[in-house]
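Single-letter residue listing:
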Amino acid sequence: MATTTMPTLKEAIKDDHDEMYLYYDEYKKNKGNAEAQTRWSNLFTWEIARHAVGEEIVVYPLMEKHLGSKGKELADHDREDHQYVKERLYELENLKPGTDEHASKMQDILNHLKPHNESEENEDLPLLEKAIGYSGSREAAQSFKQTKKFVPTRAHPDAPNQPPYETLVGFLQAPIDKLKDYFSNFPSAEEKREAKQGLN
């Protein structure tokens, strides 16, 4: 995991990617325990939804600004990937953890996320960090982390994913999502701590 002091943008995003995989692994480990799978599935969805909108608000506009037509091409492709995942996360909300359908949808989401995440880590972010420099990367990471605190925590596949509309719609949806999250089951702080020990 990245250091706790001012990570670069790539480190901040890779940390999120690692957490997605961790939450999915915990979901799989709890096969046969629908209650535990519900908690890890909720956390998996929560992390992906915040991460995706954080990238759409902070990272993709930077790519378009600093990488020209290549940045626009990469950002558009990443937005398409996000749209696919958002639609599957939305469908997941109507499936019951512990069922084959739910497990299959979770696997589908992960199968789509892995190549997307790897492409960001190996292509998009190195290009962007080269363009904005080390201090710019750290600044962008801080902005990304701050934005995630205020964005929706559930998938909204019908919401716009292009600036400036995703910002407005995202912030309008966030309070409703927070209320839903309050009534949802999530892993305890201790369960999360134990799971994250494997990432260090």
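Position numbers for residues count from 1 along each chain, tracking the sequence in the order it is written. Only residues with pLDDT of 70 or above have their local features reported here, since the model is predicted, and side-chain atom pairs are shown and tallied only from 80 upward, although totals for entire chains, interfaces and linings are computed over all residues. As a rule here, side-chain values come from all non-hydrogen atoms in the structure, and water together with hydrogens is ignored.

Section: the side chain of His-82
Residue placement: His-82 occurs in helix 3 (residues 68–92). To sort residues, take the accessible area from a 1.4 Å probe on protein chains only and compare it with the maximum for the residue type: under 20% means buried, over 50% means exposed, and anything in between is partly exposed. Here His-82 falls in the buried class, since its relative accessible area comes to 6%. The contacts of His-82, once residues within four sequence positions are left out, are Ala-52, Glu-55, Glu-56, Tyr-60, His-116 and Glu-120. Under the DSSP-based scheme used, a helix requires at least four consecutive residues in state H or I and a strand at least two consecutive residues in state E, with every element numbered from the N terminus. Residue contacts follow a heavy-atom distance rule, with two residues in contact if any of their heavy atoms lie within 4.5 Å.

Here we look at the packing of helix 2 (residues 34–66) against helix 3
Axis definition: a line fitted to C-alpha atoms, over the contacting stretch in the case of helices. Angles run 0 to 180 degrees between N-to-C directions. Axis separation between helix 2 and helix 3 bottoms out at 9 Å; the angle between their running directions is 165°. One way to sum up the angle between helix 2 and helix 3 is to call them roughly antiparallel. Handedness of the crossing formed by helix 2 with helix 3: left-handed. Of the residues belonging to the contact of helix 2 with helix 3, the class tally is 10 nonpolar, 6 polar and 8 charged. Our angle categories are set so that under 35 degrees counts as roughly parallel, over 145 as roughly antiparallel, 65 to 115 as roughly perpendicular, and the remainder as oblique. Crossings are sorted by hand: turned counterclockwise from the far helix by less than a right angle, the near helix makes the crossing left-handed, and turned clockwise it makes it right-handed. For this scheme, ten residues count as nonpolar: Ala, Val, Leu, Ile, Met, Phe, Trp, Tyr, Cys and Pro. Four count as charged, namely Asp, Glu, Lys and Arg, and the remainder, Gly too, count as polar.

Focus: the pattern of salt bridges
What makes a salt bridge here is a side-chain nitrogen of Lys or Arg within 4 Å of a carboxyl oxygen of Asp or Glu, nothing more. If you walk through the whole model with that rule in mind, you get 14 salt bridges. A salt bridge links Arg-39 to Glu-35, with the shortest nitrogen-to-oxygen separation between them at 3.5 Å. Here Arg-39 pairs with Glu-35, and both are found in helix 2, just 4 residues apart, close to one helical turn. Using a relative accessible area of 16% as the deciding quantity, one classes Arg-39 as buried. We note a salt bridge from Lys-105 to Glu-91, for which the minimum N-O separation is 2.6 Å. A residue pair is termed long-range when its members are at least 10 positions apart, and Lys-105 in helix 4 (residues 100–148) and Glu-91 in helix 3 qualify at 14 residues. Residue classification places Lys-105 among the buried residues on the basis of a relative accessible area of 19%. Here Glu-91 falls in the partly exposed class, since its relative accessible area comes to 32%. One salt-bridge network, held together by shared partners, links Asp-16, Glu-47, Arg-50 and Lys-148.

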